[in-house]
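Remarks on the overall topology
Each chain is listed here by its residues.
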Amino acid sequence: MRILGIESAALTASVAVVTDGALTAEYTLNMKKTHSQTLLPMIDGMMKMLDIDISSVDAIAVSGGPGSFTGLRIGAATAKGIGLAMEIPLVHVPTIDAMAYTLYGASALICPMLDARRRQVYTGLYRYEDTFTVVEPQRMTTIDRLAGELNRRGEKVIFLGDGVDTCGDEIRARMTAPFSFAPAPSNRQRGAAVAALGEVMFREGKTVSAMEFAPDYLRKSQAERERELAEARGEMDKLARGIVVRED
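The notes below deal with the structure included here.

Moving on to helix α4 (residues 143–153). The complete set of buried residues in α4 reads I143, L146, A147, E149 and L150. Take α4 and look down its axis: the buried residues cluster within an arc of 160 degrees, on one side only. Turned more than 90 degrees from where α4 packs its buried face, R145 and R152 sit exposed. Lining the buried residues of α4 we find β6 (106–115), β7 (120–128), β8 (133–142), β9 (157–160) and α5 (163–174). In the segment just after α4, G154 is the residue with positive phi, at about 75 degrees.

For I43, the position within the fold is in helix α1 (residues 35–50). Classification of I43 as buried rests on a relative accessible area of 3%. Sequence separation between I43 and I6 is 37 residues, and the spatial gap between their C-alpha atoms is 8.8 Å. Among residues more than four places away in sequence, those in contact with I43 are L4, I6, V15, I54, T78 and I82.

Before going further, it helps to spend a moment on the packing of aromatic side chains. Taken as a whole, this structure holds nine aromatic pairs when the rule is applied. When the centroid spacing of 5.0 Å and the interplanar angle of 20 degrees are considered together, the rings of Y101 and Y128 count as stacked. Taken together, the residues span a long stretch of sequence, with Y101 in the loop between α3 (95–100) and β6 and Y128 in strand β7 at a distance of 27 residues. Taken individually, Y101 and Y128 each receive the classification buried, so the pair is uniform in this respect. Every member of this aromatic cluster is reached through a ring pair, and the members are Y101, Y104, Y126, Y128 and F132.

Quick notes on the rules
Residues numbered from 1 in each chain as written. Predicted model: local features only at pLDDT ≥ 70, side-chain atom pairs only at ≥ 80, totals over all residues. Heavy atoms only, no water. Buried < 20%, exposed > 50% of the residue type's maximum accessible area, 1.4 Å probe, protein only. Helix = DSSP H or I, 4+ residues; strand = E, 2+ residues; numbered from the N terminus. Arc of directions from axis to C-beta. Contact = heavy atoms within 4.5 Å. Phe/Tyr/Trp six-rings, centres within 6.5 Å; stacked < 30°, edge-to-face > 60°.

Any functional reading would require information that these geometric values do not contain.
Set out below in structure tokens:
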């Protein structure tokens, strides 16, 4: 079985191939280039180095969110395009789950964090000492609430992800439970984790067609929020001018 993994939920762009449970290739970039510039050349280069055709892939595992709206859309478009052209099924891998999947053997709670701006993070809680377990599914929350929850649990925690870069000082200030930060080899999203977890999900029959696949953003885009705010303000202006008449 051969699984292609695609990760583009944040700044990191990463693709990988897992074949029958073994990582056979991985290509990762963590730099300010748009994923539209990097993903397809990375996949093409990886396939050429492996000397295989992309049609030999059994499924495409995609980091399906949450994360950057633009990054997720580019990853989804890339996977859907390949899937539609080659008639390959897709596996929707939750982004935060895949991040936690990199820390096998951890004797602590695993807490991935992606920066969601405005002192918020996308996060979840996991265990992966022997088997991979979702303790709290991925969600968006504030650092205050997350730190409070972890302190109440009182267990050792391992943090990882770019949320550490933006909120690390707050974590240090607010955490009373023991904690540590994952080192460089495991503190960012990896295509290998997406592909490996995707292989598990594929064996469980958790696939969708390329046409059906859609990212899970966990919140509305900024454009949608601004439009709703403008519409709400417009209604308030009308009410103030007595234009809107409410019916009982």
